[in-house]
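# An overview of the molecular structure
What follows is the residue order along each chain.
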Amino acid sequence: MDWLDALILGIVQGLAEYLPISSSGHLEIFREILHVDLPSDQALEFDLMLHAATVLSTLVILWKEFFPLCRSFFTLKMDSNFYYVCKILVSCIPVAIVGFCFKDVVESFFGGNLRIVGICLCITALLLSFAYFFRTKPMQKSALTGRTYKPRDITWLDAFIIGCAQAVAVLPGLSRSGTTIATGILIGDKREKVASFSFLMVIIPILGEALLDMKDIITAPVSAQSTGLLAITVGFIAAFVTGCIACKWMLELVKKGKLVWFAIYCVIMGIVCICW
């Protein structure tokens, strides 16, 4: 893989991690387009750096929210920020169970099977469409239940339900941000609250996965060829810069309720992948 491939994949990861179009699915698509076929240990190393870059971009954009959360949690200050972090931890339980118990099963869905990516992209489009048509404005009748609702802050149960959505979204093509945000909106949470929660809740699973992957990288036999420091650096910078832009853009889009356009994009890309 040369630096240009790394640049393209970094940009794809940075954009697709936050936009509801599935970063894992689009990385599979662009690896196929670019004919990038790395050994498993090198692919693991490169993906690890891309995910680290997007975590860093989350911390940069949401720093004003993240720092008070850390201060309250680690000083055991029993305020709203402390309990917010506890809700994030609750949301991580389902994906932790999937990661520890079904890691091999999940990994079997990766590896260039664009049909699975296409099907999951179409499911993402359905979720975004439901969130748009059933929860479009505050204080209105829900088309799903017929009852008038008022968007609320995220409850403990909401956090667990959104966490279950995140656990399902480990499949390639099923957007993590799209699935969790759409789920939060569908169960009645405030748009701006669920968007921030969605971006913050992924930090712990990504860091946990990074530690597990780091162990695999260290214990793996040394390959004849390396991914290359230049390719890793270019990919990291590209993912970080585009991640910052996409994260800030996505927060505004969720507030305005314009996710339905991504549903149209996902269904088109899904059909293309299925027919590839």
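Residues numbered from 1 in each chain as written. Predicted model: local features only at pLDDT ≥ 70, side-chain atom pairs only at ≥ 80, totals over all residues. Heavy atoms only, no water.

## Quick notes on the overall build of the protein
Scanning the protein from terminus to terminus reveals 13 helices and two strands. Across the 276 residues of the protein, 48% fall into the buried class. In the protein, of all internal contacts separated by at least 6 residues, the share reaching a separation of at least 24 is 79%. Surface summary for the protein: the accessible area is close to 13,900 Å², and the carbon and sulfur share equals 70%. (Helix = DSSP H or I, 4+ residues; strand = E, 2+ residues; numbered from the N terminus. Buried < 20%, exposed > 50% of the residue type's maximum accessible area, 1.4 Å probe, protein only. Contact = heavy atoms within 4.5 Å. Areas by Shrake-Rupley, 256 points an atom, 1.4 Å probe, with all protein chains shown as cover.)

## Considerations on the confidence of the model for the protein
When pLDDT is averaged across the protein, the result is 83; 87% of the residues are at 70 or more. The least confident element of the protein is strand β1 (residues 140-141), whose mean pLDDT is 52; the most confident is helix α8 (residues 156-168), at 94. (pLDDT = per-residue confidence, 0-100.)

## Here we look at the pattern of salt bridges
For the structure on display, the rule yields five salt bridges. A salt bridge links Arg31 to Asp47; its shortest N-O distance comes to 2.4 Å. You can see Arg31 sitting in helix α2 (residues 23-34) and its partner Asp47 sitting in helix α3 (residues 40-61), a full 16 residues away along the chain. One salt-bridge network, in which partners are shared between bridges, spans Arg152, Asp158 and Asp189. (Salt bridge = Lys/Arg side-chain N within 4 Å of Asp/Glu carboxyl O.)

## Comments concerning the layout of surface pockets
Counted as a void, the second largest pocket has a volume near 290 Å³. Lining the second largest pocket are Glu65, Leu69, Ser80, Asn81, Tyr83, Tyr84, Lys87, Asp153, Ile154, Glu192, Lys193 and Ser196. The set of elements that each furnish at least two residues to the lining of the second largest pocket consists of α4 (63-74), α5 (80-101) and α10 (191-201). The dominant element in the lining of the second largest pocket, judged by the number of residues it contributes, is α5, at five residues. For the lining of the second largest pocket, the class distribution of residues is four nonpolar, three polar and five charged. (1 Å grid on protein atoms, 1.4 Å probe; cavity = no way out; pocket = protein on both sides within 12 Å on 5 of 7 lines; lining within 4 Å. Points joined across faces, edges and corners; volume = space filled by probe spheres on them. Nonpolar A, V, L, I, M, F, W, Y, C, P; charged D, E, K, R; others polar.)

## Some thoughts on the environment of Arg31
Given a relative accessible area of 15%, Arg31 falls into the buried group. Residues contacting Arg31, with those up to four places away along its chain left out, are Leu9, Val36, Phe46 and Asp47. Separated by 2.4 Å, the side chains of Arg31 and Asp47 make a polar contact. (Polar contact = N/O pair within 3.5 Å; in protein donor to acceptor, adjacent residues only side chain to side chain.)

## Description of empty space enclosed by the protein
Counted according to the given criterion, the structure contains one cavity of 30 Å³ or more. A volume near 30 Å³ is recorded for the largest cavity. What lines the largest cavity is Leu128, Ala131, Tyr132, Ile185, Arg191, Gly257 and Leu259. By residue number, the principal contributor to the lining of the largest cavity is helix α7 (residues 114-134), which donates three residues. For the lining of the largest cavity, the per-class residue count stands at five nonpolar, one polar and one charged.

## Examining the packing of α8 against helix α9 (residues 176-186)
With their axes 9 Å apart at the nearest point, α8 and α9 run at an angle of 150° to one another. Classified by the interaxial angle, the pair formed by α8 and α9 is roughly antiparallel. By crossing handedness, the relation of α8 to α9 is classed as right-handed. Counted together, Ile161, Ile162, Ala165 and Gln166 of α8 and Arg176, Thr179, Thr180, Thr183 and Gly184 of α9 form the full contact between these two elements. Residue composition of the contact of α8 with α9, by class: three nonpolar, five polar and one charged. (Axes fitted to C-alpha atoms, helices over the stretch in contact; angles between N-to-C directions. Parallel < 35°, antiparallel > 145°, perpendicular 65-115°, else oblique. Left-handed = near helix turned anticlockwise from the far one by under 90°.)

## Describing the side chain of Asp5
You can see Asp5 is positioned in helix α1 (residues 3-18). No salt bridge is formed by the buried Asp5, whose closest oppositely charged neighbour, Arg31, lies at an N-O distance of 9.9 Å. (Lys, Arg positive; Asp, Glu negative; His and termini not counted.)

## A word on the packing of aromatic side chains
Per the counting criterion, the structure on display carries eight aromatic pairs. Ring geometry for Trp63 and Phe66: centres 6.4 Å apart, planes at 40°, overall tilted. Of this pair, Trp63 and Phe66 both sit in helix α4, separated by three residues, roughly a single helical turn. In textbook terms, an aromatic cluster arises when at least three aromatic residues are bridged by ring pairs, as seen for Phe73, Phe74, Phe82 and Tyr83. (Phe/Tyr/Trp six-rings, centres within 6.5 Å; stacked < 30°, edge-to-face > 60°.)

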